[in-house]
Amino acid sequence: HKLSVAPEADIMEYCRKEWRGSTPVAIRMRKGYEAVAQKFASIRRVRGDNYCALRATLFQALSQTTQLPSWLQREDFTVLPENLLSKYDWIKQWQLKQRLGRKMGEISDEIKEYLMLLRKKWKNISEIKGPIEKQEACDKLFKNEEEEYSLYEALKFLMLNTAIELYNDDKNGRRVPVFSWLLFARDTSSNPCQLMHNHLNHIGHSGGLEQVEMFLLAYALQHTIQVYRLYKYSTDEFITLYPNDPEEDWPVVTLITEDDRHYNIPVRMCQETVL
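Position numbers for residues start from 1 in each chain and track the written sequence from start to end. Selection of residues for local features in this predicted model requires a pLDDT of at least 70, selection of side-chain atom pairs for listing and counting requires 80 or more, and totals for whole chains, interfaces and linings are taken over all residues. Excluding hydrogens and water, the side-chain figures rest on all heavy atoms present in the structure.

Participant: Help me out: how do you make sense of the packing of aromatic side chains in this one?
Facilitator: Ring pairs (aromatic) are described by centroid distance and by the angle formed between their planes. Side-chain rings of Phe, Tyr and Trp, where Trp is taken by its six-membered ring, are said to pair if the distance between their centres is within 6.5 Å; with planes under 30 degrees apart they count as stacked, over 60 as edge-to-face, and otherwise as tilted. Considering all chains together, one arrives at 17 aromatic pairs under this definition. Taking 5.0 Å as the distance between ring centres and 65 degrees as the angle between the ring planes, the aromatic pair formed by Tyr 167 and Phe 184 counts as edge-to-face. Residue Tyr 167 is found in helix 8 (residues 145–171), and its partner Phe 184 is found in helix 9 (residues 178–185); the two are separated by 17 residues along the sequence. Grouped by ring-pair contacts, the aromatic residues Phe 179, Phe 215, Tyr 219, Tyr 242 and Trp 250 constitute a single cluster. Helix and strand assignments follow DSSP, with helices taken as H or I runs no shorter than four residues and strands as E runs no shorter than two, numbered in order from the N terminus.

The following block contains the structure:
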């Protein structure tokens, strides 16, 4: 079992190994890591496939959860696939993860399974009181490939659901966040159906999350995703929030990226920042 999230390493040691030399890029990266090291002592490397933004975000959310989020408690949460498929026939083309001998027509059952797994795992981990035990439970989950990838399918489906809600809100004249206009202003995703075909279906297979989809993920999970974007060090985009005007009661998860493609996780907040 390969652990999808590597054990802790000292942030500055990691940085020195990765960024030797005196090129402008290496100097900027080292300064970026130094800034992160004032808040966090360690880094955990996240496996670099096309799921890595989902993996890093979910791992952080679970490792600090203390209660089941309200959207996971909703009565209609697990019937979401049926409800959406009854309204939008095109969702039948949702790209499920590869499984041999799949029959068509099982898609809503399968996604329902993923959603139920997400709720169950989140509930179990949120009820663990000790931080060490909680971390162990997360490590164990992210060693189980079958479960881990099922959870990413659940997240992608929640992103689709959120996109449909935002799209309909906008069409009905309700206020929507700015990123929603940007999401549907792309030639490749002018509506939720295109978003699914050209973007969500490819996440994990041939592509990761683009910037605007980080906003969508944040909205789907109702978590603020705070990202140290190291290559933007010394600009006002060095620490980017998704969404940039977050709801006050949303939990915050923190990630690190060197290039907006691969994400790692900072852990162990330094004592003085906790105080």
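Participant: Just to check I follow, could you spell out the sheet that holds strand 1 (residues 9–10) for this structure?
Facilitator: Paired through backbone hydrogen bonds, the strands of a sheet run either parallel or antiparallel to each other. Read from one edge of the open sheet, six strands run 1-2-6-5-3-4, paired in mixed fashion. Each edge of the open sheet carries a strand with a single partner, namely strand 1 and strand 4 (239–242). Relative to strand 4, strand 3 (residues 224–229) is paired through four bridges, and the arrangement is antiparallel. Bridge assignment links Ile 225 to a residue of strand 4, and that residue is Tyr 242. DSSP-based pairing: two strands are paired if at least 2 bridges between them are found.

Participant: Even after reading the chapter, I still don't get the nonpolar core, so can you show me in this structure?
Facilitator: The tendency in soluble globular proteins is for nonpolar side chains to be buried as a group. As used here, the term nonpolar core means buried Ala, Val, Leu, Ile, Met, Phe, Trp, Tyr and Cys residues forming a set that is joined through side-chain atoms within 4.5 Å. Relative accessible area decides the class of each residue, using a 1.4 Å probe on protein chains only: under 20% of the type maximum gives buried, over 50% gives exposed, and in between gives partly exposed. Grouped together as the largest cluster of nonpolar side chains are 73 residues, with contacts concentrated most on Trp 94, Leu 118 and Trp 122. Sort the elements by how many residues they give to this core and helix 8 lands first, with 13 residues. If we ignore the near neighbours within four places in the chain, the residues touching Leu 118 are Leu 58, Trp 71, Leu 72, Phe 77, Leu 151, Ala 154, Leu 155 and Leu 158. Formed by 15 residues, the second largest nonpolar core is a distinct cluster that contains Tyr 14, Ala 26, Val 36 and Tyr 228. Only heavy atoms matter for contacts: two residues are in contact if any of them lie within 4.5 Å across the pair.

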